[in-house]
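Chain and residue survey
If you want the building blocks of each chain, they are given just below.
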Amino acid sequence: MKKLIVRNAMVIPMLEEPVIINPGHVVVENGQIVHVGRDLSPEQLEGAEILDAKGQVLMPGIINAHTHLYQVLLRGVWEDLTLIPWLRKVYHTATVLHPDDCRYGGTLGSVEALLSGVTTVCEHHFLNPTIDHTRSTIEGMVSTGIRAIMARTVMNDGELAPDCVLESSDAAFKQIETLMSEFRQHRETGLLRFATGPNTPPITTTSELVRDIVQFSKQAGIGISSHVAESRTVVEDVRTRFGFEGVVEYLYDLGLVNESAVFAHCVHLNDKDISLMAATGASVSHNPVSNMFLGDGVARVIDMLKAGVNVALGTDGAASNHSQDMFETMKVASLLQRVAHEDPSVIVPYQVLRMATVGGARALG
């Protein structure tokens, strides 16, 4: 039996209410935490590898609930663009993107995450010109030992994306099933899981595709990841074409809003959207640095939390962030709500830390 004891740390177990155990000790046996507390018995110490963490903080790993790892290769390429023109640029990189680029991005992005305290990333993969692009990203991620969710999403409509990434639901689902089979061993370790979703409904997806995804995700037992209400343009598109006041209301009508869904951004939600999220158990991945970068607006995080919506945090891709640093994301998440509400007490640091840990864990299952 392998036993590790981390001693003398400032232990923050991320409970509902703030608890700090200082000095605290954590006992790990065969990869499982079996004890957290102030005291250790002689039996616990027997045969253990001991790591002295005096002066250091020990807490659950941070979870990046939404990113695009290949974009570490696109830092600072496009500045001063709003979302839709920026998306057009990003989508068209698919015409030159090579699977090796995805492997390098998946590896480098995962290493950056690990070095900044992130133990889990949700890779929202929306450029899939071939199955090798997705496969290479997975290979890059798993080579680093990080826990990864491959959210292999789908686009089939609109004028923003090039033809090479528009596909039928049947073709997309077949690729996902193939990859799930190929990486079965990694899935069995618990370090790799799959999800899918409509990339940015409804500007890149049809309603029929959304319905197909709902059915497939349930059959495959995988989660949902989707860009939702990131800009006012998307909300206006839903109102004009489908007659719904909000994007979440539109997706709820199609069956996509459920406890397995993680909706990235959610900058422009109305009261009904927030109520539907709370009632169904769907989660939000708040990406404040990216939203500021693109001038999207300020998400109603305080209203979501008060309504009981689970809010996680994400960096988004480095093309709209320049970084995979979740500590920066936590700082910005806090300051943005304070200035938006003109109230420095509207959100406290512990709430933000829980969003980056417990919130992300709940969002990703």
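If you're wondering where the values come from, they're calculated on a predicted model, not measured in any experiment. The numbers attached to residues start from 1 for each chain and follow its sequence in the written order. Local features in this predicted model are restricted to residues of pLDDT 70 or higher, and side-chain atom pairs are both shown and tallied only at a pLDDT of 80 or more, whereas totals for entire chains, interfaces and linings draw on every residue. No hydrogens and no water enter the side-chain calculation; it runs on all heavy atoms of the structure.

Attention now moves to a nonpolar patch on the surface. Patches here are clusters of residues that have more than 30% relative accessible area and form no salt bridge, with a 9 Å joining cutoff for like charges and a 5 Å cutoff for nonpolar side chains (Val, Leu, Ile, Met, Phe, Trp, Tyr). Only the protein chains shown count as cover for residues, with accessible areas throughout obtained via the Shrake-Rupley method and a probe of 1.4 Å. The salt bridge definition used is simple: a Lys or Arg side-chain nitrogen within 4 Å of an Asp or Glu carboxyl oxygen. A contiguous nonpolar surface patch, about 290 Å² in accessible area, is contributed by L73, Y104 and L108. On the secondary structure map, L108 appears in helix α3 (residues 99–115). By relative accessible area, L108 is classed as partly exposed at 38%. Secondary structure elements follow DSSP: runs of H or I no shorter than four residues count as helices, runs of E no shorter than two count as strands, and numbering proceeds from the N terminus. Think of it in three bands: residues with accessible area under 20% of the maximum for their type are buried, residues over 50% are exposed, and the middle band is partly exposed, with areas taken using a 1.4 Å probe on protein chains only.

Any two strands with at least two DSSP bridges between them are considered paired. One open sheet holds the 8 strands; their spatial order is β6-β7-β8-β9-β10-β11-β12-β13, and the pairing between them is parallel. The open sheet has two edge strands, β6 (62–67) and β13 (310–313), and neither has a second partner. Strand after strand, the sheet turns through a mean of 25° between neighbouring axes, direction not considered. As defined by bridge partners, strand β12 (residues 283–286) adjoins β13 across 4 bridges and the pair is classed as parallel. Bridging across to β13, S283 finds its partner in N310. Fitted lines through C-alpha atoms give the axes, limited to the stretch in contact for helices. The angle between two N-to-C directions lies from 0 to 180 degrees.

Relative to the helices and strands, T329 resides in helix α13 (residues 326–341). Classification of T329 by relative accessible area gives buried; the value is 0%. Look past the residues within four positions of T329 in its chain and what remains in contact with it is P288, V289, L313, G314, T315 and N321. The contact criterion used is simple: two residues touch if any of their non-hydrogen atoms lie within 4.5 Å.

Further remarks concern the packing of aromatic side chains. We call Phe, Tyr and Trp rings a pair once their centres come within 6.5 Å, taking the six-membered ring for Trp, and we label the pair stacked below 30 degrees between planes, edge-to-face above 60, and tilted otherwise. Throughout the structure, instances matching the rule amount to 5 aromatic pairs. With a centroid separation of 5.5 Å and an interplanar angle of 75°, the aromatic rings of Y91 and F126 are classed as edge-to-face. Placement of Y91 in helix α2 (residues 83–91) and of F126 in the loop between β7 (118–125) and α4 (131–142) is noted, with a sequence separation of 35 residues between them.

Quick look at the nonpolar core now. Ranked by size, the top nonpolar core spans 90 residues in total, and within it L127, L251, F263, M277 and M304 carry the most contacts. What is meant by a nonpolar core is a set of buried Ala, Val, Leu, Ile, Met, Phe, Trp, Tyr and Cys residues, joined one to another through side-chain atoms within 4.5 Å. Within the second largest apolar cluster, 10 residues are counted, among which are A151, V262, A312 and L364.

This part covers unusual backbone geometry. Between N22 and P23 the backbone carries a cis peptide bond, its omega angle lying at 0°. Relative to the assigned elements, P23 resides in strand β2 (residues 21–29). Along the chain, P201 connects to P202 via a cis peptide bond; the corresponding omega equals 0°. By the secondary structure assignment, P202 is in the loop between β9 (192–196) and α7 (207–220). Phi is positive for M14, which is not a glycine, with a value near 60°. For A229, which is not a glycine, the phi torsion comes out positive at approximately 50°.

With that settled, consider the pattern of salt bridges. Two side chains that carry opposite charge are able to pair once their charged atoms sit near each other. Scanning the entire structure with this criterion turns up 15 salt bridges. A salt bridge links R75 to E112, with the nearest nitrogen and oxygen atoms 2.2 Å apart. One end of the pair, R75, is in the loop between β6 and α2; the other, E112, is in helix α3, and 37 residues separate them in sequence. Overall, R75 belongs to the partly exposed group, its relative accessible area being 31%. For E112, a relative accessible area of 21% gives the class partly exposed. Linking R239 and E236 is a salt bridge whose minimum nitrogen-to-oxygen distance equals 3.0 Å. Pair noted here: R239 and E236 are both in helix α8 (residues 232–242), with a separation of 3 residues, about one helical turn.

Interpretation note: all reported values are geometric properties and have no functional meaning in isolation.
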